[in-house]
Amino acid sequence: MSLHEDAVLVLKGYEGQPELRDVYLEHLAAHPDGVYKPCQAGHITGSALVIDPERERVLLTLHKKLGMWLQMGGHCEPGDSALAGVALREAVEESGIAQGLTLLPGGPVRLDRHPIPAPCNWHLDVQYAALAPAEAVEAISEESLDLRWFPYAQVAEVADTSVVRLLEATLARL
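Residues numbered from 1 in each chain as written. Predicted model: local features only at pLDDT ≥ 70, side-chain atom pairs only at ≥ 80, totals over all residues. Heavy atoms only, no water.

A. Main features of the side chain of Arg57. Along the chain, the position of Arg57 falls in strand S2 (residues 57-63). Look at Arg57 and you get buried, because its relative accessible area is 18%. Sequence-distant contacts of Arg57, defined by excluding residues within four places in its chain, comprise Val50, Ile51, Asp52, Trp149, Phe150, Pro151 and Tyr152. (Helix = DSSP H or I, 4+ residues; strand = E, 2+ residues; numbered from the N terminus. Buried < 20%, exposed > 50% of the residue type's maximum accessible area, 1.4 Å probe, protein only. Contact = heavy atoms within 4.5 Å.)

And the structure:
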């Protein structure tokens, strides 16, 4: 199965945010390359909020280009075969947690569509949550200015509303 086909199946199975889900599905129907960065109409991305429920905290990255505290995430790559795999790969790469991250069962937690500079125009982000093992040790990647654990209550003070909504949806699923 191709990544495009996987994305369509994942989105068809996602029961939340029906209007936004339909925008994603229409995008994929119109753009066979809609999962990849070169698609100028926008493209699917995968992200994961790294969460440590035992310590009631989340790991956020200070994005190098945007200067914002965000969940781990990024673009689909030619070798990717599943959106969940994209989200988990990005979480591992950007968190530096090499072993033990697992996606929260149940598929995507949220969707978030946000504008980005041309030529791409839109990120259609499929957001997951990744559970960190108790012994997790993070390491800053080249894509990040900083990497830091934040208590749940502090996330709204440092991150934008999309990250806050992702945390709320993740906590509701736990």
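B. Spotlight on the pattern of salt bridges. This model, assessed by the stated rule, comprises eight salt bridges. Among the salt bridges present, the one from Arg55 reaches Asp52, with a minimum N-O distance of 3.6 Å. The partly exposed category is assigned to Arg55, whose relative accessible area is 46%. The exposure class of Asp52 is buried, given its relative accessible area of 2%. When salt bridges that share partners are traced, they join Glu77, Asp80, Arg89, Glu90 and Glu93 into one network. (Salt bridge = Lys/Arg side-chain N within 4 Å of Asp/Glu carboxyl O.)

C. Spatial organisation of the environment of Asp22. The residue Asp22 is located in helix H2 (residues 18-30) in this model. The exposure class assigned to Asp22 is partly exposed, which follows from its relative accessible area of 33%. Sequence separation of Asp22 and Lys12 is 10 residues, and the distance between their C-alpha atoms is 8.6 Å.

D. Structural detail: the packing of aromatic side chains. For the structure on display, the rule yields one aromatic pair. On the numbers, 5.0 Å between centres and 75 degrees between planes, the contact of Trp69 with Phe150 is edge-to-face. In this pair, Trp69 sits in strand S3 (residues 69-70) while Phe150 sits in strand S8 (residues 144-151), placing the two residues 81 residues apart along the sequence. The same class applies to Trp69 as to Phe150, namely buried. (Phe/Tyr/Trp six-rings, centres within 6.5 Å; stacked < 30°, edge-to-face > 60°.)

E. Local environment of helix H5 (residues 161-173). For H5, built from 13 residues, the straight-helix expectation of 18 Å at 1.5 Å per residue is met to within 8% by its first-to-last C-alpha distance of 18 Å. Of all the positions in H5, only Ser162, Val163, Leu166, Leu167 and Thr170 are classed as buried. An end-on view of H5 places all buried positions within 135 degrees of arc, on one side of the element. Residues of H5 that are exposed and angled more than 90 degrees away from the buried face: Thr161 and Ala172. Along its buried surface, H5 packs onto strand S1 (43-52), S2, S3, strand S6 (110-115), strand S7 (122-131) and helix H4 (155-158). (Expected span 1.5 Å × (residues − 1). Arc of directions from axis to C-beta.)

F. Structural context of the pairing of S1. Burial within S1 is extensive, with 10 of its 10 residues counted as buried. The side-chain alternation of S1 yields two buried faces, one formed by His43, Thr45, Ser47, Leu49 and Ile51 and the other by Ile44, Gly46, Ala48, Val50 and Asp52. As defined by bridge partners, S1 adjoins S7 across nine bridges and the pair is classed as parallel. Counterpart to Leu49 in the pairing with S7 is Ala129. As paired strands, S1 and strand S4 (residues 72-75) are joined by four bridges and run antiparallel to one another. (Pairing = 2+ DSSP bridges.)

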